[in-house]
Amino acid sequence: MIKDNIEQIRWRIDGLCAKVGRNPKEITLVAVTKNRPVEQIEEAIDAGITDIGENKVQEALLKFGLRSTVYGLRSSINFHMVGHLQTNKVKDAVRIFDLIHSVDSLHLAEEINKQAGKINKIQDVLLEIKTSPEATKFGILPEDVIEIFNSVGSGRDRSLHNIKVRGLMTIAPLVDEPEKARPYFRMLRELRDKLGRERSRPFPTLSILSMGMTDDFEVAIEEGATMVRIGRAIFE
Ligand SMILES: *Cc1c(COP(=O)(O)O)cnc(C)c1O
């Protein structure tokens, strides 16, 4: 049952936070609803889910329509784009999603800035980092992130005015035990801290670390995740 699964996950998050001395309120549970029908998503929302993640713009459009016409779903829900985003889908993406987790190039950031500008929106985004060579095709290499971050900019001096970098996201490689994903999560946290230090003044908006999925979210939380993206543990 979806409701029981969500309770289980919250219980695990609470236990883990108690163990490592974190506040469970710091951690947003994003229910990843790709390939799941709207009825199941509504069931998850009835069980307290406030954040929904999809990995394809087309599927999100079919399921939810444009943000202003979301049907059956309460308007207090936050929509997350967690999958790779093609530039030709950006126009729809900025209309649907509150947070885009997958900015992996300056080119994509510029297109998001342009399309968000057209609807007078400041689009919150995360930079997707390729922390391991094998996990995904996409993502910014760790050695390139500072340059891209500085080009996208943020805060009052940002060069792209309709986009705001709120943090970093990564996908760990498939491993046979969760513990083996730890170095990738740790790398993401260290990168976030390094980016914060690069700035001449404190940089409060760079707070989100989106990392951890069904198989490895507990390790991710130990390493500082503030957002976990969970599909199978909720819907299977
Ligand atoms: C599918 C997906 C998830 C959820 O994965 P599960 O293993 O089902 O929890 C998280 N993040 C991204 C980017 C995904 O595509």
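Report follows, based on the coordinates. (Residues numbered from 1 in each chain as written. Predicted model: local features only at pLDDT ≥ 70, side-chain atom pairs only at ≥ 80, totals over all residues. Heavy atoms only, no water.)

On to the nonpolar core, then. Here is a general trend for soluble globular proteins: nonpolar side chains tend to be buried in one another's company. Core analysis: the biggest nonpolar cluster contains 64 residues, and Ile112 and Ile234 have the highest contact counts within it. Here this core takes six residues from helix H1 (residues 2-20), the largest share from any one element. Not counting the four nearest positions on each side in its chain, Ile112 is found in contact with Leu85, Val90, Val94, Ile100, Val103, Gln123, Val125 and Ile163. Residues Val30, Leu99, Ile208 and Met227 belong to the second largest nonpolar core, which totals six residues. (Core = buried A, V, L, I, M, F, W, Y, C linked by side-chain atoms within 4.5 Å. Buried < 20%, exposed > 50% of the residue type's maximum accessible area, 1.4 Å probe, protein only. Helix = DSSP H or I, 4+ residues; strand = E, 2+ residues; numbered from the N terminus. Contact = heavy atoms within 4.5 Å.)

Taken as a whole and assessed by the stated rule, the structure comprises one aromatic pair. For the ring pair Phe64 and Phe79, a centre distance of 4.9 Å and an interplane angle of 55° mean the geometry is tilted. You can see Phe64 sitting in helix H3 (residues 57-64) and its partner Phe79 sitting in strand E3 (residues 78-81), a full 15 residues away along the chain. Grouping residues by exposure puts Phe64 and Phe79 together as buried. (Phe/Tyr/Trp six-rings, centres within 6.5 Å; stacked < 30°, edge-to-face > 60°.)

Our next topic: the site of the ligand. Taken together, Val32, Lys34, Val82, Ile171, Met213, Thr214, Arg229, Ile230, Gly231 and Arg232 make up the full set of residues adjacent to the ligand. Within the side chain of Thr214, an N or O atom sits 2.5 Å from an oxygen atom of the ligand. Interatomic distance of 2.7 Å between a side-chain N/O atom of Arg232 and an oxygen atom of the ligand. Across the complex, the protein chains shield 89% of the 390 Å² of accessible surface that the ligand would expose by itself. Most atoms of the ligand, that is more than half of them, are within 2 Å of grid points of the largest pocket. Its residues assigned to classes, the shell around the ligand shows five nonpolar, two polar and three charged. (Near = heavy atom within 4 Å. Polar contact = N/O pair within 3.5 Å; in protein donor to acceptor, adjacent residues only side chain to side chain. Areas by Shrake-Rupley, 256 points an atom, 1.4 Å probe, with all protein chains shown as cover. 1 Å grid on protein atoms, 1.4 Å probe; cavity = no way out; pocket = protein on both sides within 12 Å on 5 of 7 lines; lining within 4 Å. Sits in = over half its atoms within 2 Å of the grid points. Nonpolar A, V, L, I, M, F, W, Y, C, P; charged D, E, K, R; others polar.)

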